[in-house]
Amino acid sequence: MTKNILIAGFGGQGVLFTGKFIAYGALIEGKELSWLPSYGPEMRGGTCNCSVIVSDEPVGSPIVNEPDVLIAMNRPSLDKFEDAVVPGGDIYIDSSLVDREVRRTDVNVHYIPATRLSTERGFDGIANMILLGSVIKGSGVIKEETIPAAMSKVVSAKRQNLFDFNIRALALGAEVLE
Amino acid sequence: MAVVFERPHALTDVPMHYCPGCGHGIIHRLVAEAIDSLGIEGKTIGVASVGCSVFSYNYFNTDMVQAAHGRAPAVATGVKRANPENVVFTYQGDGDLAAIGTAETVHAAARGENITIIFVNNAIYGMTGGQMAPTSLPGQITQTSPYGRDVNTVGYPVKVSEMLSQLDGAAYIERVAINNTKNIRAAAKAIKKAFTYQTEGKGFTLIEVVSTCPTNWGLTPEKAMGWLEENMLPYYPLGVYKDKYADKN
Amino acid sequence: MAEKVLMKGNEAIAEAAIAAGCRHYFGYPITPQTEIAAYMAKRMPKIGGVFLQAESEVSAVNMVIGAASAGVRVMTSSSSPGISLKSEGLSYMAGCDLPALIVNVQRGGPGLGGIQPSQSDYFQATRGGGHGDYHMLVLAPNSVQEMAQLTIQGFALAEKYRMPCMLLADGTMGQMMEPVELPDSAPEMAEKPWALTGTGLSRKHNIINSLSLTPDELERWNIDRYARYAKVEADEVMYEEYLTEDADVCVVGYGIAARVARNAVNAARAKGIKAGMFRPITLWPFPKAALNKLATTCRAFISVELSMGQLIEDVELAIRCSRPVTLCNRTGGMIPSPEQVLASIEEAAAKLN
């Protein structure tokens, strides 16, 4: 099985971090994987995307042109990548920041009001983790039991508060996925 | 019979290729004598540059590397950073140091790189046959300034010692000359002091030696000394331009 | 080998260099390889090594020359425009028989070009880059694991043959993360009796130099050096073949292009086309003999590259133009898609029938 994931949003929304979390999860599970960021002169605020491939086979091209899973954190990302998603693929949208619906009818769409939830439920700044919680639950790209180990790779165990904070945001994302 | 004149140990017995009356022979000897008197030959590494002194790697008895044009201070930096216990010097002319190698020179000084630069200023490109150097004097006739250096079109000479003395990283900068015995003695003292500073880890040292190029100046060796005194010394005053440790000596 | 960790290609190069015993790094910031410098800046002071940000690419490569002359394992890294500036130093390094590792994480050119991935420095790397008769070893990784492995091998090869070695990557390779295993054993260091360490008054002075004004002497030096290159060509060629045994159409590509080509070969096989891939790992020495042998069975070749047709010349030379070779490329920072490569394979296959 191979999952091609494309994560897109504004710089600063945690696009690369989200991808890294999935990559670490796959590493822990002994899967083959690649993580490739778009890179450019805009350090903050520009558009940003990240290709993550998780597979049982060695990964060929690390560039995701036709995602099985698109995570769109803002409107420009949806506009740019909606058509690229494979038929039958999944689109996860931060519906608080995307003011339109997906036009395609041959894909599974998940509207997650991640940014609104992050403000309402005290998860300021980590809407991406809420969205990621939904993606992990919905796509099964990494197993639920891998989450704590993956988290310890990206958040230092010394910062227990931050660790728990992120774990709870993931749980909330899983919970709100319909 | 008493020995009255001897080759310094830090010089090889390879015959030098320099023209009659050229200052390089004297300056090589001064460097070698400083190395001998400090007993550092076995741990000294020299960096030859491009220009007339390119073959200095054959003349100094120390380990030697020959650098690309202008790059000697960068090469010396690499050598020194690899083996900080070694004493590292470059031997560069004016075109090499003050034109094509300006960046390397300025930044080695700014870093306070613990190396010694012997900078020979004879106001002309020697090896390529007498072209205008960054240190050629206003009005000086050379192959590429046949009507005399016109400061309105090609600007003014670079006063290296004055310029580098403004940098906090430079520890010791002195300009000396080889036109008479007194000045040669002062030059010997300055070169030895520069090497001493390096062995004490005091940082960047540069000795600018005002020298002659009779061949490309079109003068006899004797007249060249006169030209140096009348034209170069007024433009390039001798003296200590920077000595961070002057009070502590 | 230690456990697998997730690293960016650029970081893997830096960590592998440290594992290889490199304790001297001289560089200058340029996208997309700056992570190497940043990594070294952080790590070197903690392990007694030297990191120095030079005033220019030119100075950086000359510092490498100085440190290599002094006998230590040393490296620099840059990206295309920076490598042009370093080319003078590469020529001197070759002329002085100095070993060092030079990393080029290629970006689009010519001129300032762009910052996206490219392979358009192929000619520059494989033909030496600077002036004069010389070669560099050129290694082309296509995964983060190979970024690490070839870094370690690069130092060893450079020292074995006393010549500069270039690791030729691209922006994708530098920026991507993949699992990587680094060796945990210390490497062997070569003896370097030629190095400048000070005579200690116990030996004749060592001279490191590329100058000879005597033509017959300089000719002899060059002939000797090329005898060494012939040994490298005989003993150090590396390549990978994928599904080439029965292939009618063979895609040739290195680095990121080979990653894309592999997808396309799989897609072509799924459609019943006998496609294969040949991936040179050493770009110099180029695996001429292996590719020429492949041309006895394989009837068409496609050069997949992120450049305007550079690798293709070596493919044609290697097989002595005995089979048709077509170009499948993007440039300027664009990367061919697997679909584009598949279309080229289909086109080539169609012409065979």
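Residues numbered from 1 in each chain as written. Chains lettered and ligands numbered in written order. Predicted model: local features only at pLDDT ≥ 70, side-chain atom pairs only at ≥ 80, totals over all residues. Heavy atoms only, no water.

Helix and strand content of chain B: 10 helices and 7 strands. For chain B, the C-alpha radius of gyration of 17 Å lies close to 18 Å, the compact-globule estimate for 249 residues. Its C-alpha atoms give chain B principal-axis dimensions of about 50 × 50 × 35 Å. The burial tally for chain B puts 58% of its 249 residues in the buried class. Long-range contacts, defined as pairs at least 24 residues apart, comprise 69% of the intrachain contacts of chain B with a sequence gap of at least 6. A distance of 4 Å separates the average location of the 20 positive side-chain charges in chain B from that of its 22 negative side-chain charges. (Helix = DSSP H or I, 4+ residues; strand = E, 2+ residues; numbered from the N terminus. Rg over C-alpha atoms; globule rule 2.2 N^0.38 Å. Buried < 20%, exposed > 50% of the residue type's maximum accessible area, 1.4 Å probe, protein only. Contact = heavy atoms within 4.5 Å. Lys, Arg positive; Asp, Glu negative; His and termini not counted. Charge placed at Lys NZ, Arg CZ, Asp CG, Glu CD.)

The subject of this paragraph is the interface of chain C and chain B. Taken residue by residue, the interface counts 33 residues in chain C and 36 residues in chain B. Here chain C meets chain B over a buried area of about 2,500 Å², counting both sides, of which 60% is carbon and sulfur. Of all residues in chain C, the largest losses of buried area upon contact with chain B belong to Glu55(C), Leu196(C) and His205(C), amounting jointly to 20% of the total for that side. Taken together, the connections running from chain C to chain B amount to 3 salt bridges. A salt bridge links Asp63(B) to Arg203(C), with the shortest nitrogen-to-oxygen separation between them at 2.7 Å. For the interface between chain C and chain B, the tally reads 17 residue pairs in polar contact (both at pLDDT 80 or more). Taken together, the elements giving at least two residues each to the side of chain C that touches chain B come down to strand E2 (24-27), strand E3 (50-53), helix H3 (57-69), helix H4 (80-95) and strand E9 (207-208) of chain C. Bridging between strand E2 (residues 63-66) of chain B and E9(C) involves 2 bridges; their strand directions are parallel. Among the inter-strand pairings, Val65(B) is bridged to a residue of E9(C), identified as Ile208(C). (Buried area = accessible area lost by both parts, 1.4 Å probe. Salt bridge = Lys/Arg side-chain N within 4 Å of Asp/Glu carboxyl O. Polar contact = N/O pair within 3.5 Å; in protein donor to acceptor, adjacent residues only side chain to side chain. Pairing = 2+ DSSP bridges.)

Next up on the list: the packing of helix H3 (residues 72-82) of chain B against H3(C). Contact geometry for H3(B) and H3(C): axes closest at 6 Å, N-to-C directions at 45°. Classified by the interaxial angle, the pair formed by H3(B) and H3(C) is oblique. In this structure, H3(B) crosses over H3(C), and the sense of that crossing is right-handed. Across the interface between the two elements, Ala74(B), Val75(B), Thr77(B), Gly78(B), Val79(B) and Ala82(B) from H3(B) touch Ser59(C), Asn62(C), Met63(C), Ile65(C), Gly66(C) and Ala67(C) from H3(C). (Axes fitted to C-alpha atoms, helices over the stretch in contact; angles between N-to-C directions. Parallel < 35°, antiparallel > 145°, perpendicular 65-115°, else oblique. Left-handed = near helix turned anticlockwise from the far one by under 90°.)

Let us look at the pattern of salt bridges. Under the counting rule described, the total for this entry stands at 37 salt bridges over all chains. For Glu113(B), the salt bridge is made with Arg111(B), and the minimal N-O distance between the two is 2.5 Å. Judged by relative accessible area, which is 3%, Glu113(B) ranks as buried. Lys193(B) is paired through a salt bridge with Asp243(B); the nearest N and O atoms lie 2.8 Å apart. Taken together, the residues Lys193(B) in helix H8 (residues 181-199) and Asp243(B) in strand E7 (residues 239-243) connect sequence positions 50 residues apart. Here the salt bridges share partners, and the residues they tie into one network are Arg75(A), Asp79(A), Glu82(A), Asp99(A) and Arg100(A).

All names here are of chain B. Taking 1.5 Å as the rise per residue, helix H1 (residues 24-38) with 15 residues should run 21 Å; its terminal C-alpha atoms sit 21 Å apart, in good agreement. His24, Ile27, His28, Leu30, Val31, Ala32, Ala34 and Ile35 are the residues of H1 that are buried. The secondary structure elements touched by the buried residues of H1 are strand E1 (44-48), helix H2 (56-59), strand E3 (87-93), strand E4 (116-121), H8 and strand E6 (204-210). The first or second residue beyond H1 is Gly39, which carries a positive phi of 65°. (Expected span 1.5 Å × (residues − 1).)

To continue, consider the confidence of the model for chain C. Model confidence for chain C is summarised by a mean pLDDT of 96, while 99% of its residues fall at 70 or above. Overall fold confidence for the complex sits at a pTM of 0.95, while the interface term, ipTM, reaches 0.94. (pLDDT = per-residue confidence, 0-100.)

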